[in-house]
Amino acid sequence: MDRDERHDRSERAERLTRYLNELQERIDPRSLELLMRLLRELSTSPAVRGGTYELGMGPEEKELFTPALQAELLVLFGLLTSQDERVVVDLGDTPHAKGMKVLVPQERAGDPDFLHRHKQRVAAEAEQREQDRREVEAIARASGMEP
């Protein structure tokens, strides 16, 4: 790792620490605990490399995971993984996601073509995951197993 890389990592770590300290003052401990668990989960997921990832949460956690908390998770994830400034953008509803939010480079946040393509890609990936889930369930049922 060269000097510039160490500097970039150090700067990102400092920004993340400052944001976490601020967040600790703004949200309740249960929500912060959920955010930290989800951030750890995300940091080892395909989302790190630009993929999508479905978070695992129980009913109580889903209730805590409000749109505002979702946006905070995206901000934290961006601080953890990105060297450039990222912002949360609401892409609206799709058949598989209500109020879909994504993290995009700040300079692309106002580009409607970019956002439309991004929404289409994420929606297509969600549709593929849903098709895969249905196929696995059908195979399980055909094999005499409960999905």
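No experiment lies behind these values; they were computed from the predicted model shown. (Residues numbered from 1 in each chain as written. Predicted model: local features only at pLDDT ≥ 70, side-chain atom pairs only at ≥ 80, totals over all residues. Heavy atoms only, no water.)

Quick look at the overall build of the protein
Counting its regular elements, the protein contains five helices and two strands. Within the protein, buried positions represent 31% of all 147 residues. Taking as baseline every contact in the protein between residues at least 6 positions apart, the subset at least 24 positions apart corresponds to 48%. (Helix = DSSP H or I, 4+ residues; strand = E, 2+ residues; numbered from the N terminus. Buried < 20%, exposed > 50% of the residue type's maximum accessible area, 1.4 Å probe, protein only. Contact = heavy atoms within 4.5 Å.)

A short note on the nonpolar core
Grouped together as the largest cluster of nonpolar side chains are 19 residues, with contacts concentrated most on Leu23, Leu34, Leu35, Phe65, Leu73 and Leu76. Elements with a minimum of two residues in this core: helix H1 (3-26), helix H2 (29-43) and helix H4 (67-81). Ranked by residues supplied to this core, first place goes to H2 with six residues. Leaving out residues up to four positions away in the same chain, Leu73 has contacts with Leu35, Leu38, Leu39, Leu42, Leu55 and Phe65. Core analysis: the second largest hydrophobic core is formed by eight residues, Met100, Val102, Phe114 and Leu115 among them. (Core = buried A, V, L, I, M, F, W, Y, C linked by side-chain atoms within 4.5 Å.)

Quick word on the packing of H2 against H4
Orientation of H2 relative to H4, taken along the N-to-C sense of each, is 45°, at an axis distance of 10 Å. Compared by their axis directions, H2 and H4 come out oblique. Seen from above, H2 lies across H4 with right-handed handedness. In this structure, H2 contributes Ser31, Leu34, Leu35, Leu38, Leu39, Leu42 and Ser43 to the contact, and H4 contributes Leu69, Glu72, Leu73, Leu76, Phe77 and Leu80. Within the contact of H2 with H4, the residues separate by chemical class into ten nonpolar, two polar and one charged. (Axes fitted to C-alpha atoms, helices over the stretch in contact; angles between N-to-C directions. Parallel < 35°, antiparallel > 145°, perpendicular 65-115°, else oblique. Left-handed = near helix turned anticlockwise from the far one by under 90°. Nonpolar A, V, L, I, M, F, W, Y, C, P; charged D, E, K, R; others polar.)

So, the confidence of the model for the protein
Residue-level pLDDT values for the protein average 81, and 86% of them are 70 or greater. Within the protein, the lowest mean pLDDT, 74, falls on strand S2 (residues 97-105), and the highest, 90, falls on helix H3 (residues 59-64). (pLDDT = per-residue confidence, 0-100.)

So, the side chain of Ser31
You can see Ser31 is positioned in helix H2. Among all residues touching Ser31, those that are not within four sequence positions of it are Leu64 and Leu69.

As for H2
Residues spaced three or four apart along an α-helix point in a common direction, a consequence of the helix completing one turn every 3.6 residues. When the terminal C-alpha atoms of H2 are compared, their 21 Å separation across 15 residues agrees well with the 21 Å that a helix rising 1.5 Å per residue should span. Buried within H2 we find Ser31, Leu32, Leu34, Leu35, Leu38, Leu39, Glu41 and Leu42. The residue sitting at the N-terminus of H2 and contributing the capping side-chain oxygen is Asp28; that oxygen lies 3.2 Å from the backbone nitrogen of Arg30. (Expected span 1.5 Å × (residues − 1). Polar contact = N/O pair within 3.5 Å; in protein donor to acceptor, adjacent residues only side chain to side chain.)

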